[in-house]
Structures are given as C-alpha cells and as structure tokens.
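One letter stands for each residue in the lines below.
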Amino acid sequence: MGAKRRWRAAAAGVAVAAATAGIAAPQGSAQTEAARPNVLIVITDDQRAEGTLGVMPRTRRWFLRDGTRYVNAVATTPTCCPSRATIMTGLYAHNHGVHTSERGQAENMDQLLTMQRYLRRDGYRTSIYGKYLNAWPREIDPPWFDDWAILSDSTARAYFNGRWNVNGKVGRLRPYSTRIIERRALRFLESTEADDDQPWLMYLAPMSPHLPAVPHPRHRRADLRPFEKTPAMRERDRSDKPQEVQEQEVDWPLVREWRRKQLRSLMSVDEMVGAVFRRLEETGEADDTLAIYLSDNGFLWGEHGLSQKIRPYEASAEVPFLVRWPGHLDAGAEEERIVANVDIAPTVMAAAGVEPEHSYDGRSFLAGERGRVLLEQWKRPDRTVPNWAATRGDRYLYVEYYAEDRLVPAYREYYDLVEDPWELHNLLGDLDPTNDPPDAAELSLQLHRDVACAGTSGPSACP
C-alpha cells in the first residue's frame, strides 16, 4: 500500500481491504424484468475523496463493507453542472455542451440522451430528489422523471427554506433539505411495493457539503477528528506550478471552518443513506439494487495553495466512488483501476440491459478496464482559472493549460503519481530536462485527439 493510501485510510478511520473486486457482468444483452436491478444513485456536492468518509459510518457500512471502493475515481470536469450532465449522459463536457455551472448552461444538455430517459422508456419507474442541474429554471419540470422534488439553488437557502419544484408545484419548503430528500426517498420506496416487479431508478442529490455547508442543528457542534495537513497542503515551493497557482495564498482559518461545516453537513447525508438502506432491507430490495455513491467533484482544502475546485489536481478531480451490487461486485474490496463519472450511465445501461440510442464516451466499469481518462475545463467566463485539459492514467497526470489557442499549451505539468502521489514535483516544470517523461510529446498529441473525441458504435474513440 502506498503512502497516500495509508494516509487516506488513517484519516478516514476505516480499514483498507486488500482484496481486488471480482466482477460478474450481467449475462446477455437483455435482462428479464425480474433480473433487472433497481438503480440507486447518491451524488453529493463538492465532497472530496480524502478525509470525508470518516464522519459517515452508515455509508461506510453499506458501501465499504458490502460493496467496492474505487480509489482511482475522478470527475472528468471537476465542477458541479458539467459533472452532473456527464453522469446523466455518459458524455464528456465537450460533447454534451454543459461547460460551466452558469445560468443557461444546463439547457445545453440533450434530455433525450439521459439515462433516466432510456430507463423510463424501457419500463423503469424514475425519481429524483435534491439538486438537479445548477441554475435549472425552477418552473420547468425535470424531464423523464415520474416523481421529483428538485432545487437548483446553491446558497444557504438550499439547506433551509429553499424553493423547490415538487411534481410541478413550485414553493418554499422549510425543513432541512437533506431531510426532505430522505422523506421523499422513503415515500418513493414505499410506493414501489405496489408493483414490486417494476424496477426503478432513484437519484438522490443532497446539497451537502457545498458551501456554505449548513449542518443540521443536531450536528452543528459534532466532534471531528483534528485537521491533519497532507504534504500537498504543506507545499512551500510552488515554482514548478503555473504562475497563477504560484500567486495563490491559503486562508487557513477559513479552510478549517469550511472543513468543519462540510463534514458536519455530511452527517445528515450519512443518516439519509442509512435510512434508505434500512428500508431497502425491510422490503427485500437491498440485494436487487445497484447502488452508486459519488460526488460531482472534489474540493481543495489548501493543496498547492488552492481552495475550492475546478482544477486538475487530485484533491479537486478525485471523488469518493463506492458501488454496491451483491452478487456482482465483491464486498469489502478496493479497486485501483481508473473509473470516472462518464462511466456511470453506460454501467447502468449495461446492468439494466438497456440499449441507448447514442454512443457513450464512457464505458461500463462492470466489463473492463481503461488505460486513461480525459479531464477538461473549458470556457470559464471569469477567466480566473485558465482553460485546461489533462490525461489521467493510473500512474500519471499530464496537464496542458491554454490561453486562447487550444492547440498551443501555455504551460504543462506532468506528475508521476506512484513516486509523487501528492503532486509536489512537476517533471515538466523543474528546469531539468533529464527527468522529462520520454512520452510527453506523444501524450500531448493524444490529449489533442481526446479533447475532440466522440463515442462510437464500436470500441470507444474516447479514453
């Protein structure tokens, strides 16, 4: 086990399983109605992979004890709305068209390409509770869902007294938002018992731990483990990083306060997960449900002098990624192969035996491995973060930053994630050509092909 994995396990307060997940792929191209799994997706908002699951004992119990943890999981565009569109469509941002979380971007997503549309078309009952897409007009119902309670706000009002669209009726709901989601989820599960043979999709999207990360009153003073800075947080020499990264300074008291609020807000998410799985167990559906837990992106707590997200670095792009499907994924296992949010839709379609009408950029993680994944961030209107694209392999991260011309990088980074898991030594920025990766030119050419890729009807043209 590497140093970073040991630190992660200790910080989270959980044991690391040594097993490797064995995967039993569904047999045949179509499933019988009885064999089609229910699908539960829980997606948090800005939850980093490291140092957060320790406050979530119920989530660890259901997903780590009974499922598989993917420790090399990333969000291909590490910001809210593009990532959520990628989860729903199985497409990279450059193909689904949602590039930022700004107003008007959500409407760029083609609703005909979403997994909820395909599942509903093929007999699934579908529901969504919580955050849908950033800045989605409240008065517009989310397409292809049979039951919903959605909000699109990202302010403190999203936690208490937020404006919701509940099955077409828009108004304020006073209770704590995660409690609203939990109650709607339990009500939905109860209603599905009336037609127990019909499979369902339930998409739960709490606001936590998105800032301002307002905890439930019960958790506002909950005990937390001390904040332990990682080597990436303690990095002093950032001369090998892009100039705009070198110029950043961390407000450590503010970061500590953010961390406290974020972790405490996740405690309610953990209670929600526990309540949902207790109901699934009571109804006998727990073992017939493909359950996926992840975040839309990570969040920097001061790594490399940075805070928040929208960066290619591990703390920003890495996400918790836990999958539970008894009989198909090993319990208590860890997988080190790369997976990404772009893989969720094709995985769900494969598990359900549903044939989509469009080709995916991602691929089912039930069926095989990938050598690399594309990370990308385009068209930031504030320009505080330059456009960038990156290739993330299982052993490396290669990044190009662009000014106006996508073809000519203004700056490059390369990190050996085995020897340098904290990304402290940019081998292309240390002024030492003798240690430059020999395949840097090839990686650049491949990256330029990847940012223009699209899925195919055969083997994917995308990484």
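For the structure itself, look to the data block above.
Presented here is an overview of the structure given in this document. Along each chain, residue indices are assigned from 1 in the same order as the chain's sequence is written. Reporting in this predicted model follows two pLDDT cut-offs: at least 70 for local features of residues, and 80 or more for side-chain atom pairs to be given and counted; totals over whole chains, interfaces and linings ignore these cut-offs and use all residues. Based on all heavy atoms of the structure, the side-chain values leave hydrogens and waters out of the count.

Some words on the sheet that holds strand 15 (residues 372-377)
Using the following cut-off: Pairing between two strands is assigned when DSSP locates at least 2 bridges connecting them. Numbering of helices and strands runs from the N terminus, with a helix taken as a DSSP run of H or I at least four residues long and a strand as a DSSP run of E at least two residues long. Only C-alpha atoms enter the line fits that serve as axes; for helices the fit covers just the stretch in contact. Angles between N-to-C directions range over 0 to 180 degrees. Contact definition: two residues touch when any of their heavy atoms are within 4.5 Å.
Pairing is antiparallel in the open sheet, where four strands are placed in the order 15-16-17-18. Each edge of the open sheet carries a strand with a single partner, namely strand 15 and strand 18 (409-416). When strand polarity is set aside, the average angle formed by the axes of neighbouring strands in this sheet is 15°. Two elements, strand 17 (residues 396-402) and strand 18, share seven bridges in a ladder whose sense is antiparallel. Its bridge partner lying in strand 18, Leu397 is registered against Tyr415. On top of the sheet, helix 11 (residues 440-450) reaches strand 15, strand 16 (387-393), strand 17 and strand 18; it is set at about 65° to strand 17, its chief contact.

Observations regarding the sheet that holds strand 4 (residues 125-131)
Sheet architecture is open: ten strands sit in the order 7-6-5-4-8-1-9-12-2-13, paired in mixed fashion. Edge strands, defined here as strands with exactly one partner in the open sheet, are strand 7 (169-173) and strand 13 (333-335). If you compare each strand with its neighbour and ignore which way they point, the axes differ by 15° on average. On top of the sheet, helix 3 (residues 80-89) reaches strand 1 (38-44), strand 4, strand 8 (200-205) and strand 9 (289-295); it is set at about 170° to strand 8, its chief contact. Strand contacts of helix 8 (residues 252-282): strand 1, strand 8, strand 9 and strand 12 (321-324), with the helix running at about 170° to strand 1, the strand carrying the most contacts.

Let's talk about a negative patch on the surface
To keep it simple, the criterion reads: Patches in this entry comprise residues that are over 30% relatively accessible and not in a salt bridge; like charges within 9 Å are linked, as are nonpolar side chains (Val, Leu, Ile, Met, Phe, Trp, Tyr) within 5 Å. Each accessible area is a Shrake-Rupley estimate made with a 1.4 Å probe; only the visible protein chains count as cover when residues are assessed. Any carboxyl oxygen of Asp or Glu within 4 Å of a side-chain nitrogen of Lys or Arg constitutes a salt bridge here. For this count, His and the chain ends are skipped, Lys and Arg are scored as positive, and Asp and Glu as negative. Throughout, a charge is located at the NZ atom of Lys, the CZ atom of Arg, the CG atom of Asp or the CD atom of Glu.
Together, Glu190, Glu193, Asp195, Asp196, Asp197 and Asp288 line one region of the surface with negative charge. If you trace the backbone, Glu190 turns up in helix 6 (residues 177-192).

Here's the deal with the nonpolar core
Heads up, the rule is: To qualify as a nonpolar core, a set must consist of buried Ala, Val, Leu, Ile, Met, Phe, Trp, Tyr and Cys residues joined through side-chain atoms within 4.5 Å. Buried means the residue's accessible area, taken with a 1.4 Å probe over protein chains only, is under 20% of the maximum for its type, while exposed means over 50%, and partly exposed covers the values in between.
Ranked by internal contacts, the top residues of the largest apolar core, which has 49 residues, are Leu40, Met202, Leu204, Val276 and Tyr293. Among the elements of the structure, strand 1, helix 2 (57-65), strand 5 (147-151), strand 6 (162-166), helix 6, strand 8, helix 8 and strand 9 are those that each provide at least two residues to this core. In terms of residue count, helix 8 provides more of this core than any other element does, twelve residues in total. Membership of the second largest hydrophobic core comes to 48 residues, among which are Ala106, Met109, Trp136 and Ala345.

Comments concerning unusual backbone geometry
For the bond from Ser208 to Pro209, the omega torsion is 0°, close enough to zero to count as cis. Examined against the element boundaries, Pro209 turns out to sit in the loop between strand 8 and helix 7 (243-246). For the bond running from Leu211 to Pro212, omega is 15°, close enough to zero to count as cis. Residue placement: Pro212 occurs in the loop between strand 8 and helix 7. A positive phi is found at His304, a non-glycine position, where the angle reads about 60°. Positive phi values are uncommon outside glycine, yet Leu431 reaches one of about 65°. As for its placement among the helices and strands, Leu431 is situated in the loop between strand 18 and helix 11. What makes Leu431 exposed here is its relative accessible area of 85%.

Here we look at the packing of helix 2 against helix 8
Applicable threshold: Here roughly perpendicular refers to angles of 65 to 115 degrees, roughly parallel to angles under 35, roughly antiparallel to angles over 145, and oblique to all remaining angles. Crossings are assigned a handedness: left-handed for a near helix turned anticlockwise from the far helix by less than a right angle, right-handed for a clockwise turn. Residues are grouped as follows: nonpolar covers Ala, Val, Leu, Ile, Met, Phe, Trp, Tyr, Cys and Pro; charged covers Asp, Glu, Lys and Arg; every other residue, Gly included, is treated as polar.
As a packed pair, helix 2 and helix 8 sit with axes 7 Å apart at the nearest point and diverge in direction by 45°. Judged on the interaxial angle alone, helix 8 and helix 2 are oblique. Our pair here, helix 2 against helix 8, has a crossing hand that is left-handed. Where helix 2 abuts helix 8, its residues Pro57, Arg58, Thr59, Trp62 and Phe63 lie against Asp270, Glu271, Val273, Gly274, Phe277, Arg278 and Glu281. In terms of residue class, the contact of helix 2 with helix 8 is made up of five nonpolar, two polar and five charged.

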